[in-house]
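A closer look at the structure
Here's the letter readout for the chains.
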Amino acid sequence: MNLFLQDIPASELAPKAVQETPAPGKDPLIAQGLQKEQYIGIIGLAIALIAAVGFFSRRVEYAIAFALFLSIILIALFIFI
């Protein structure tokens, strides 16, 4: 039996359908509904970091708070302009 001339059933030749683009609003890589909790957690960690550093050095705490405040202002400025 010559394998090069053997007929292959059509079901094996048909490629399996692959969905290239997900349905709108159903992207599995984006967490839906978790943004608020994530922002609260990030803000809580930032406050805890500033408080922990402030416990050891008040100057470093002020420097971190100033840098954070300045960063927020610059980010907002660049986003809205």
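Residues numbered from 1 in each chain as written. Predicted model: local features only at pLDDT ≥ 70, side-chain atom pairs only at ≥ 80, totals over all residues. Heavy atoms only, no water.

So, about the overall build of the chain. Regarding its fold elements, the chain presents 3 helices and 0 strands. In sequence order, the secondary structure elements of the chain are arranged as α-α-α. Burial status across the chain gives 4% buried among its 81 residues. Taken as a whole, the chain presents about 8,000 Å² of accessible surface, with 71% of it coming from carbon and sulfur. (Helix = DSSP H or I, 4+ residues; strand = E, 2+ residues; numbered from the N terminus. Buried < 20%, exposed > 50% of the residue type's maximum accessible area, 1.4 Å probe, protein only. Areas by Shrake-Rupley, 256 points an atom, 1.4 Å probe, with all protein chains shown as cover.)

Of all residues in the chain, 65% attain a pLDDT of 70 or more, and the chain-wide mean is 76. Within the chain, helix 1 (residues 10–13) has the poorest average pLDDT of any element, 54, and helix 3 (residues 58–80) the best, 88. (pLDDT = per-residue confidence, 0-100.)

A few words on the layout of surface pockets. Quantified by volume, the largest pocket comes out at close to 210 Å³. Along its surface, the largest pocket is lined by Ile 42, Ile 43, Ala 46, Leu 68, Ile 72 and Ile 75. If you list the elements that add at least two residues to the lining of the largest pocket, you get helix 2 (35–56) and helix 3. (1 Å grid on protein atoms, 1.4 Å probe; cavity = no way out; pocket = protein on both sides within 12 Å on 5 of 7 lines; lining within 4 Å. Points joined across faces, edges and corners; volume = space filled by probe spheres on them.)

Another aspect to go through is the packing of aromatic side chains. Here the structure, examined in full by the defined rule, presents 1 aromatic pair. Between the aromatic rings of Phe 55 and Phe 56, the centroid separation amounts to 5.3 Å while the plane-to-plane angle is 80 degrees, which identifies the pairing as edge-to-face. (Phe/Tyr/Trp six-rings, centres within 6.5 Å; stacked < 30°, edge-to-face > 60°.)

This paragraph deals with the environment of Ser 57. Its location among the elements puts Ser 57 in the loop between helix 2 and helix 3. Its relative accessible area of 25% is what places Ser 57 among the partly exposed residues. In terms of polar contacts, Ser 57 uses its side chain to reach the backbone amide nitrogen of Val 60, at 3.5 Å. (Polar contact = N/O pair within 3.5 Å; in protein donor to acceptor, adjacent residues only side chain to side chain.)

At a minimum axis distance of 6 Å, the contact between helix 2 and helix 3 shows a crossing angle of 150 degrees. Relative to helix 3, the element helix 2 is oriented roughly antiparallel. Each of Ile 50, Val 53, Gly 54 and Phe 56 in helix 2 lies in contact with helix 3, whose residues at this interface are Arg 58, Val 60, Glu 61, Ile 64, Ala 65 and Leu 68. Residue classes in the contact of helix 2 with helix 3 are distributed as 7 nonpolar, 1 polar and 2 charged. (Axes fitted to C-alpha atoms, helices over the stretch in contact; angles between N-to-C directions. Parallel < 35°, antiparallel > 145°, perpendicular 65-115°, else oblique. Contact = heavy atoms within 4.5 Å. Nonpolar A, V, L, I, M, F, W, Y, C, P; charged D, E, K, R; others polar.)

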